[in-house]
Amino acid sequence: MAKARKPKKPDHLKPVLAALEASDSAQVNGILAELHPADIARILEGLPPELRAAVWAQVDILHMGEVLLELPEAVRTDLVKLMDDKALVAAAHALDIDDIADLIPDLSDEVIAEILFDLDKQDRHRLDAVLSYPEDTAGGLMNVDAITVRENITVEVVLRYLRRRDELPEHTNRLFVVNRSDRLIGDLKLTKLLTADPKARVSQVMERDLVKFTALTPDKEVAAAFENYNLISAPVVDENSRLLGRITVDDVVDVIREQADRQVLAPAGLSEDQDIFAPVARSSRRRGIWLGVNLITAFIASWVIGLFEQVIQQVVALAVLMPIVASMGGNAGTQTLTLVVRGLAVGTISESNARRLLMRELMIGAVNGLIWALVVAVVAIWWYANLVIGAIIAAAMIINLAFAALSGVAIPFLVRRFGVDPALASGVILTTVTDVVGFFAFLGLATLFLL
């Protein structure tokens, strides 16, 4: 049976570029009109800055807010500068309250004041509630459109109440049950509501045990809970268990995507909010700093090699074999490091199980060290007809792989203790450790046994 092929992701950028080359703004408008705001954002992100203005002018004002929220911060900032105050206010009013809160940091005080002036009292209060919390917390993620009911009313009354509403908020899969003080006491899932006896009380069909978050819960913990418990929405409460709002899965997907982007880009010193077409000077400056850090670590490794200059001059084979030890240690350490950094990010690794993980990784390092040390020793002996060199490189490789395992576990915990993102700094430190230990072990043993 033939394997089903994955559908190809449509390339919306190509026809837009073709229409821009032909100066056909009507064609650009027609393409954009059929696309989701997220697809429009991807097109804008993939265009050089000099072409973005022409495309941005063709985006429907009612969709501009959604498109802006889908863009990296650097691109969003540039596009906001192209809009007048009236357009920004109109774009903001097409958004939900929690989305307006996400957009506000990129707006001027004058535009913010105008947006607030046009909101009714209830929406201003809701916006203030969201803005009062850091954006990387549950309070910063929440929307305040949660539907609440009381436990002493009947299912029939709840259904009548829902029918009187024009529509339900997006991703509504449950109603939240509160008391007279707005304290959360449970939830009522819509599936249960639709199948329950209309005369039953909410207290009879509600669930009292539910996943909830305090307003200051970090967004990483929120994302992990949504993943673990397959949540679509979840309530946010204050320290007295009063309901503040709810978090929905679409906001959590954004958090997960940002975390994934950060893990991929951070080891290279890049940011997920950067513009891929940012000016050369700006990009060179950001990347140059990271390259400077790497250069310093390279000098440290070179300094260690310089300590053994005499033995390298006398035994040329050492210079040829030396990179093998450092490279194997770096690769082994990166495997462990990647595992630990991901575990820390998703919460499966903590200080409570770090010791067990360290012992496991040391055992893996020892097994792989013995296997590959034997292989390299055989090759070195065959190559140079020298048993001592074979034994030295084998011993150095075992030592370096052990240190690589130790460093791969320990470094992320150490840098996190100093308040640094493990994904950002761990790779550079690991490379330095495996290079220094590998060179020192190999050349140090050679000094002892060959001179």
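Residues numbered from 1 in each chain as written. Predicted model: local features only at pLDDT ≥ 70, side-chain atom pairs only at ≥ 80, totals over all residues. Heavy atoms only, no water.

Participant: Sorry if this is basic, but what is going on with the packing of aromatic side chains here?
Facilitator: Where two aromatic rings form a pair, the distance of their centres and the angle of their planes describe that pair. Taken as a whole, this structure holds three aromatic pairs when the rule is applied. Each ring, one from phenylalanine 308 and one from phenylalanine 440, has its centre 5.6 Å from the other, and the planes form 75 degrees; the classification is edge-to-face. A residue pair is termed long-range when its members are at least 10 positions apart, and phenylalanine 308 in the loop between α17 (280–306) and α18 (309–314) and phenylalanine 440 in helix α22 (residues 422–450) qualify at 132 residues. The buried category is assigned to phenylalanine 308, whose relative accessible area is 12%. Taking the centre distance of 5.2 Å and the plane angle of 20 degrees together, the rings of tryptophan 383 and tyrosine 384 count as stacked. (Phe/Tyr/Trp six-rings, centres within 6.5 Å; stacked < 30°, edge-to-face > 60°. Helix = DSSP H or I, 4+ residues; strand = E, 2+ residues; numbered from the N terminus. Buried < 20%, exposed > 50% of the residue type's maximum accessible area, 1.4 Å probe, protein only.)

Participant: Looking at this model, I keep getting lost on unusual backbone geometry. Mind explaining?
Facilitator: In terms of backbone geometry, most residues other than glycine have negative phi values and most peptide bonds are trans. Phi at serine 23 takes a positive value of approximately 55 degrees, unusual for a residue other than glycine. In this fold, serine 23 is placed in the loop between α1 (13–21) and α2 (25–33). The phi dihedral of alanine 385 falls on the positive side, at around 50 degrees, and the residue is not glycine. Inspection of the secondary structure puts alanine 385 in the loop between α20 (351–384) and α21 (387–417).

Participant: Would you mind going over the confidence of the model for the protein with me for this structure?
Facilitator: Detail in the predicted coordinates should be disregarded across regions flagged by low pLDDT. Considering every residue of the protein, the mean pLDDT works out to 87; 93% of them sit at 70 or more. Confidence drops under a pLDDT of 50 for residues 1–7, and excluding neighbours within four residues, the segment shows zero contacts in the predicted structure. (pLDDT = per-residue confidence, 0-100. Contact = heavy atoms within 4.5 Å.)

Participant: Can you walk me through the sheet that holds strand β6 (residues 243–248) in this structure?
Facilitator: Neighbouring strands of a sheet are bound in pairs by backbone hydrogen bonds; such pairs are parallel or else antiparallel. With mixed pairing, the three strands of this open sheet are ordered in space as β4-β5-β6. With partners counted over all chains shown, the strands left at the sheet margins are β4 (213–214) and β6, one partner each. (Pairing = 2+ DSSP bridges.)

Participant: Help me understand the pattern of salt bridges, please; the structure alone is not making it clear to me.
Facilitator: The final tally for this structure, using the stated rule, is 14 salt bridges. One salt bridge connects lysine 189 with glutamate 207, and the closest N-O pair in it is separated by 3.3 Å. Taken together, the residues lysine 189 in strand β3 (residues 184–189) and glutamate 207 in the loop between α14 (202–205) and β4 connect sequence positions 18 residues apart. On the basis of relative accessibility, which here comes to 25%, the residue lysine 189 falls in the partly exposed class. Across the pair glutamate 351 and arginine 417 runs a salt bridge whose closest N-O atoms are separated by 3.0 Å. Of this pair, glutamate 351 sits in helix α20 while arginine 417 sits in helix α21, and the two are 66 residues apart along the sequence. (Salt bridge = Lys/Arg side-chain N within 4 Å of Asp/Glu carboxyl O.)

Participant: What is the right way to read the nonpolar core from this model?
Facilitator: Generally speaking, nonpolar side chains in soluble globular proteins are found buried as a group. Residues Trp56 and Ile247 are the most contacted members of the largest nonpolar core, which totals 57 residues. Per element, the largest residue contribution to this core is five residues, and it comes from helix α7 (residues 85–93). Ignoring anything within four residues of it in the chain, the contact list for tryptophan 56 reads Leu44, Met64, Val67, Leu68, Leu79, Leu82 and Met83. Core analysis: the next-biggest nonpolar cluster, separate from the first, contains 31 residues, Ala301, Ile312, Ala326 and Ala441 among them. (Core = buried A, V, L, I, M, F, W, Y, C linked by side-chain atoms within 4.5 Å.)

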